[in-house]
Amino acid sequence: MVDTDRPRLTGLSFAKLVGSGNDFVFLDGQDPAIRAVEDPGVVRRICDRRGGVGADGVVWLLPADGASNASYEMRYYNADGSRADLCGNAALCSVTLATRIGLAPVDRPFAFQSDAGRLTGRRLSTDRSEVTMPLVRDIRTQMSGIEHLESERVGFADSGVPHLVISVPDVDAVDVLARGRRLRWHESLGPSGANVNFVSPDADGAWRMRTFERGVEGETLACGTGAVASTAVLRDWGLAGPSLTVVTRSGLPVTVSFDATDPSAAPALAGEGRIVFEGRFSSL
């Protein structure tokens, strides 16, 4: 039986990109068929790793309003269909794709719009980009009421989206799914909850990170905004300097850099933004 009420994406082109293990389906926001993707059920079908393309999220790229003096607009949807203000690794991937298809310049920094505000991006190499992220807000070096072991510390930061940050002796020993699912909805985090990042020190001054991501409702292989939030909290704990390498669950690093002379300046996130393949929907 054919579901005639189900929105169809037949003929809509897409690109699959990955940033340090986070994967995304990018769509052309100018295509009239894109309106179907405003339906959360369509987003969920696209992100389905068995019946769809498979992804942590769906991203629209649209030409920016001429008055904004930006190269393009990025719109982000979580895998559960909800719209999010920002995804750091999706932003890195957007820089790669936009410079490839001519929406943004290859040889110099440029501005682009997100629901978290105006950002600056630049392409570092074919598969690596950098984005100046939003100012980190509401940094807390302690969180009352959050359960944790004596060997752990708990903090919080909003890096465009809210994140709990929990330092642990070894991230590999953490039950990220069980603890993340429970803490993600903690009452102190408000009705929308937060992402949950577990971090532990690695060799050569780097830190390892694992993330339970809201909107995906599970562990993802990387989280750009989580790396920024974790770096901000670790700095305030005195455990990191202005620049930090964060090794994601995929084993790939991202670099977070703050201005050492201006602690209030926006941080930069650098990491992978790689085009995996391009295609066209037959039906979905």
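Refer to the structure above for everything that follows.
Remember, it's a predicted structure, so these values are computed and weren't measured experimentally. (Residues numbered from 1 in each chain as written. Predicted model: local features only at pLDDT ≥ 70, side-chain atom pairs only at ≥ 80, totals over all residues. Heavy atoms only, no water.)

**A closer look at the overall build of the protein chain**
When you go through the protein chain residue by residue, the secondary structure sums to four helices and 18 strands. The C-alpha radius of gyration of the protein chain comes to 19 Å, within 12% of the 19 Å expected for a compact globule of 284 residues. Projected onto the principal axes, the alpha-carbon positions of the protein chain cover approximately 55 × 50 × 30 Å. Burial status across the protein chain gives 54% buried among its 284 residues. Within the protein chain, counting contacts between residues at least 6 apart in sequence, those at least 24 apart form 60% of the total. Looking at the protein chain as shown, the accessible area adds up to about 12200 Å², and 47% of this sits on carbon and sulfur atoms. Across the protein chain, the 30 positively charged side chains and the 36 negatively charged ones have centroids separated by 3 Å. (Helix = DSSP H or I, 4+ residues; strand = E, 2+ residues; numbered from the N terminus. Rg over C-alpha atoms; globule rule 2.2 N^0.38 Å. Buried < 20%, exposed > 50% of the residue type's maximum accessible area, 1.4 Å probe, protein only. Contact = heavy atoms within 4.5 Å. Areas by Shrake-Rupley, 256 points an atom, 1.4 Å probe, with all protein chains shown as cover. Lys, Arg positive; Asp, Glu negative; His and termini not counted. Charge placed at Lys NZ, Arg CZ, Asp CG, Glu CD.)

**Some details on unusual backbone geometry**
Positive phi is not limited to glycine here, since D138 has a value of about 55°. Along the chain, D138 falls in strand β9 (residues 137-140). Taking relative accessible area as the criterion, D138 reaches 41% and is therefore assigned partly exposed. Residues other than glycine seldom take positive phi values, yet D204 does so here, at roughly 60°. Given the relative accessible area of 83%, D204 is considered exposed.

**Regarding the environment of V254**
Mapped onto the elements of the fold, V254 is located in strand β16 (residues 253-257). Sequence separation between V254 and G224 is 30 residues; the distance between their C-alpha atoms is 7.5 Å.

**Focus: the packing of aromatic side chains**
Each aromatic ring pair is described using two quantities: the centre-to-centre distance and the angle formed by the ring planes. In the structure shown here, the tally under the stated rule is seven aromatic pairs. Here the aromatic rings of F14 and F281 are separated by 4.7 Å at their centres, their planes lie at 35°, and the arrangement is tilted. With a gap of 267 residues between them, F14 in strand β1 (residues 13-19) and F281 in the segment after β18 (274-280) connect regions that are remote in the sequence. Taking the relative accessible area as the measure of exposure, F14 reaches 11% and is therefore buried. Judged by centre distance (5.7 Å) and plane angle (40°), the rings of W60 and Y77 are tilted. Taken together, the positions of W60 in strand β3 (residues 57-63) and Y77 in strand β4 (residues 72-78) put the pair 17 residues apart, joining distant regions of the chain. Comparing W60 with Y77, the two get one shared label, buried. By the ring-pair criterion, three or more aromatic residues cluster together here, those being F14, F277 and F281. Residue placement shows R184 over the ring face of W185; its charged tip is 3.6 Å from the ring centre. (Phe/Tyr/Trp six-rings, centres within 6.5 Å; stacked < 30°, edge-to-face > 60°. Lys NZ or Arg CZ within 6 Å of the ring centre and 35° of its normal.)

**A short note on the nonpolar core**
Counting residues in each nonpolar core, the largest one holds 47 residues, and the members touching the most others are F24, F26, Y72, M74, Y76, F112 and V131. It is helix α2 (residues 88-101) that provides the largest number of residues to this core, a total of seven residues. The contact partners of F26, leaving out residues within four places of it in the chain, are S13, F14, A15, L17, V59, L61, A90, C93, S94 and L97. L27, V37, A55 and W60 belong to the second largest nonpolar core, which has 20 residues in total. (Core = buried A, V, L, I, M, F, W, Y, C linked by side-chain atoms within 4.5 Å.)

**Here we look at the pattern of salt bridges**
Following the criterion strictly, the structure yields 20 salt bridges and no others. Notably, a salt bridge pairs R49 with D23, separated by 2.8 Å at the nearest N-O pair. A residue pair is termed long-range when its members are at least 10 positions apart, and R49 in the loop between α1 (40-47) and β3 and D23 in strand β2 (residues 22-28) qualify at 26 residues. The class of D23 is buried, set by a relative accessible area of 10%. The partner of D115 in a salt bridge is R83, and the shortest N-O contact between them spans 2.7 Å. On the criterion of sequence distance, the pair formed by D115 in the loop between β6 (110-114) and β7 (117-125) and R83 in strand β5 (residues 83-84) is long-range, its members being 32 residues apart. The exposure class of D115 is partly exposed, given its relative accessible area of 33%. What makes R83 partly exposed here is its relative accessible area of 43%. (Salt bridge = Lys/Arg side-chain N within 4 Å of Asp/Glu carboxyl O.)

**A few points about the side chain of N22**
When you line up the elements, N22 lands in strand β2. A residue is classified by how much of its surface remains accessible, and N22, at 0% relative accessible area, is buried. Polar side-chain contacts of N22 include one of 2.9 Å to the backbone oxygen of A222. Beyond its immediate chain neighbours, meaning those up to four positions away, N22 contacts L17, D56, N89, E213, T220, L221, A222 and C223. (Polar contact = N/O pair within 3.5 Å; in protein donor to acceptor, adjacent residues only side chain to side chain.)

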